[in-house]
Amino acid sequence: MSDCIFCRIAAGEIPAQRVHEDEHVVAFHDLHPQAPTHVLIIPRRHLVSLHAAGDEEGLLLGRLLLAAREIAERLGIGTGYRVVTNCGASAGQSVFHLHLHVLGGRPLGWPPG
Ligand code: 5GP
Ligand code: ZN
């Protein structure tokens with residue numbers, strides 16, 4: 001998807017501060033961080049959101065979550081962090097390529113807004 005920002009980041013066409021990448025997954029710092037640590041984890045393959053993922057995406061979804069754990073540990077927030085994915089505009093999704101937010105480094109309130 002040449003008009004998708006996150007596909008372009010995954011392809012290296014738009015710069016991002018990467019913290020992890022492998023065959024399936026890319027992770028990079030959010031441009032507008034909402035916490036001292038705010039990383040986005042995306043699949044290389046374009047999927048609109050969690051809601052667009054089918055059963056066949058189970059392994060890929062697991063890879064995203066395991067990357068979140070590994071990155072949180074490596075960036076020093078392993079004792080307290082939040083993993084969020086916004087599905088749909090009404091839930092705050094603004095980039096329509098599936099991504100996990102990993103947030104940490106400050107106390108995180110609940111419920112979220
Ligand atoms: P959403 O609102 O879809 O859940 O999250 C999209 C996130 O992507 C936002 O937190 C926003 O700051 C981030 N973002 C949007 N464009 C870019 C970009 O070009 N580079 C990076 N690193 N983050 C971006
Ligand atoms: Zn995309």
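Scroll up to find the structure.
Residues numbered from 1 in each chain as written. Chains lettered and ligands numbered in written order. Predicted model: local features only at pLDDT ≥ 70, side-chain atom pairs only at ≥ 80, totals over all residues. Heavy atoms only, no water.

Asks: Sorry, what's going on with unusual backbone geometry here?
Replies: Most peptide bonds take the trans form, and the phi angle of most residues other than glycine is negative. In the segment running from Trp110 into Pro111, the intervening peptide bond is cis, with an omega of 5°. Its place among the elements puts Pro111 in the segment after strand S5 (100-104). (Helix = DSSP H or I, 4+ residues; strand = E, 2+ residues; numbered from the N terminus.)

Asks: I tried to follow the side chain of His99 on my own but got confused; where do I start?
Replies: Position of His99 among the secondary structure elements: in the loop between strand S4 (81-84) and S5. Side-chain polar atoms of His99 contact the backbone oxygen of His97, separated by 2.7 Å. Beyond its immediate chain neighbours, meaning those up to four positions away, His99 contacts Phe6, Leu40, Ile41, Ile42, Val84, Thr85 and Gln93. (Polar contact = N/O pair within 3.5 Å; in protein donor to acceptor, adjacent residues only side chain to side chain. Contact = heavy atoms within 4.5 Å.)

Asks: I would appreciate a short explanation of the site of ligand 1 in the present structure.
Replies: Around ligand 1 sit 16 residues, and of these Asp30, Asn86, Gly92, Ser94 and His101 come closest. Interatomic distance of 2.9 Å between a backbone N/O atom of His29 and a nitrogen atom of ligand 1. In this structure, an oxygen atom belonging to ligand 1 sits 2.8 Å away from a main-chain N or O atom of Gly92. A total of 520 Å² of accessible area belongs to ligand 1 in isolation, and the protein chains cover 85% of it. Of all the secondary structure elements, the ones that give two or more residues to the shell around ligand 1 are helix H1 (5-10) and strand S2 (25-29). With 3 residues, the top contributor of residues to the shell around ligand 1 is H1. Classifying every residue of the shell around ligand 1 by side-chain character gives 7 nonpolar, 8 polar and 1 charged. (Near = heavy atom within 4 Å. Areas by Shrake-Rupley, 256 points an atom, 1.4 Å probe, with all protein chains shown as cover. Nonpolar A, V, L, I, M, F, W, Y, C, P; charged D, E, K, R; others polar.)

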